[in-house]
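Per-entry structural report
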Amino acid sequence: MKPTVELDTFEQAWNAFVEHLVKTGLATKGAPLCKRIPASGYDTDEQRDHTLMAVIEFKDQLQADTAWNAIEDRIEPLGALHRSVISMVHDPVFTFWSEL
């Protein structure tokens, strides 16, 4: 998050974004925000110092692509919800995974 953003403010924006994705059928669910525990022996990522992580689950690639296109096309109110979240972060890292 940007240094001026409060965690509660970001969490509210994130939850509204994910809730809209799920409510409109663009995602199946979103996990709660997770806080990184860098002092843990489990944390071996020395390249990044990110402090939060979030996961959005999609039922398949088609649903994920549909959500991505809606965000890219700024379909409202999704576009505004996404811009709100993005405006509060710096240096985000996105990864996309699929079950085997």
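So, here is what we can say about the structure in this document. Counting from 1, residues in each chain are numbered in the order their sequence is written. Only residues with pLDDT of at least 70 get local features here, since the model is predicted, and only at 80 or more are side-chain atom pairs given and counted; chain-wide, interface and lining totals rely on the full set of residues. Only hydrogens and water are set aside; all other atoms, that is, all heavy atoms of the structure, feed into the side-chain values.

**Observations regarding the overall build of the protein**
Going along the chain from the N terminus, every DSSP run of H or I of four or more residues is numbered as a helix, and every run of E of two or more is numbered as a strand. Helix and strand counts for the protein come out as three helices and four strands. Helices (α) and strands (β) of the protein occur, in sequence order from the N terminus, as α-β-β-β-β-α-α. Remark: exposure states derive from per-residue accessible area (1.4 Å probe, protein chains only) relative to the maximum for the residue type, with buried under 20%, exposed over 50%, and partly exposed in between. In the protein, buried positions account for 21% of the 100 residues. Considering only intrachain contacts with a sequence separation of at least 6, the fraction spanning at least 24 residues in the protein is 65%. Residue burial considers only the protein chains on display, and all accessible areas are found by Shrake-Rupley using a 1.4 Å probe. Within the structure as shown, the protein displays about 7700 Å² of accessible surface, and the carbon and sulfur contribution to it stands at 56%. A gap of 3 Å separates the mean positions of the 9 positive and 16 negative side-chain charges of the protein. Contacts between residues were defined by any pair of non-hydrogen atoms, one from each residue, lying within 4.5 Å. Under this rule, positive means Lys or Arg and negative means Asp or Glu; His and the chain ends count for nothing. In this description, the location of a charge corresponds to atom NZ of lysine, CZ of arginine, CG of aspartate or CD of glutamate.

**Things to note about the pattern of salt bridges**
When the charged atoms of two side chains lie near each other, side chains of opposite charge can form a pair. For this analysis, a salt bridge means a side-chain nitrogen from Lys or Arg found within 4 Å of a carboxyl oxygen belonging to Asp or Glu. For the coordinates displayed, the defined rule picks out four salt bridges. We note a salt bridge from Asp 43 to Arg 36, for which the minimum N-O separation is 2.5 Å. A relative accessible area of 22% means that Asp 43 is categorised as partly exposed. Using a relative accessible area of 21% as the deciding quantity, one classes Arg 36 as partly exposed. Glu 76 is the salt-bridge partner of Arg 83, the closest N and O atoms lying 2.9 Å from each other. Here Arg 83 falls in the partly exposed class, since its relative accessible area comes to 33%.

**Brief notes about the packing of helix α1 (residues 7–23) against helix α3 (residues 78–86)**
In contact at an axis separation of 9 Å, α1 and α3 are set at 150 degrees when each is read in the N-to-C sense. With respect to each other, α1 and α3 are oriented roughly antiparallel. Here the hand of the crossing between α1 and α3 comes out left-handed. Facing Phe 10, Ala 13, Trp 14, Ala 16, Phe 17, His 20 and Leu 21 of α1, the residues of α3 in contact are Leu 78, Leu 81, His 82, Ser 84 and Val 85. The axes are straight lines fitted to the C-alpha atoms, using for helices just the contacting stretch, and the angles between their N-to-C directions are given from 0 to 180°. Roughly parallel means an angle under 35 degrees; roughly antiparallel, over 145; roughly perpendicular, 65 to 115; everything else is oblique. Left-handed describes a crossing whose near helix is turned anticlockwise from the far helix by less than a right angle; the clockwise case is right-handed.

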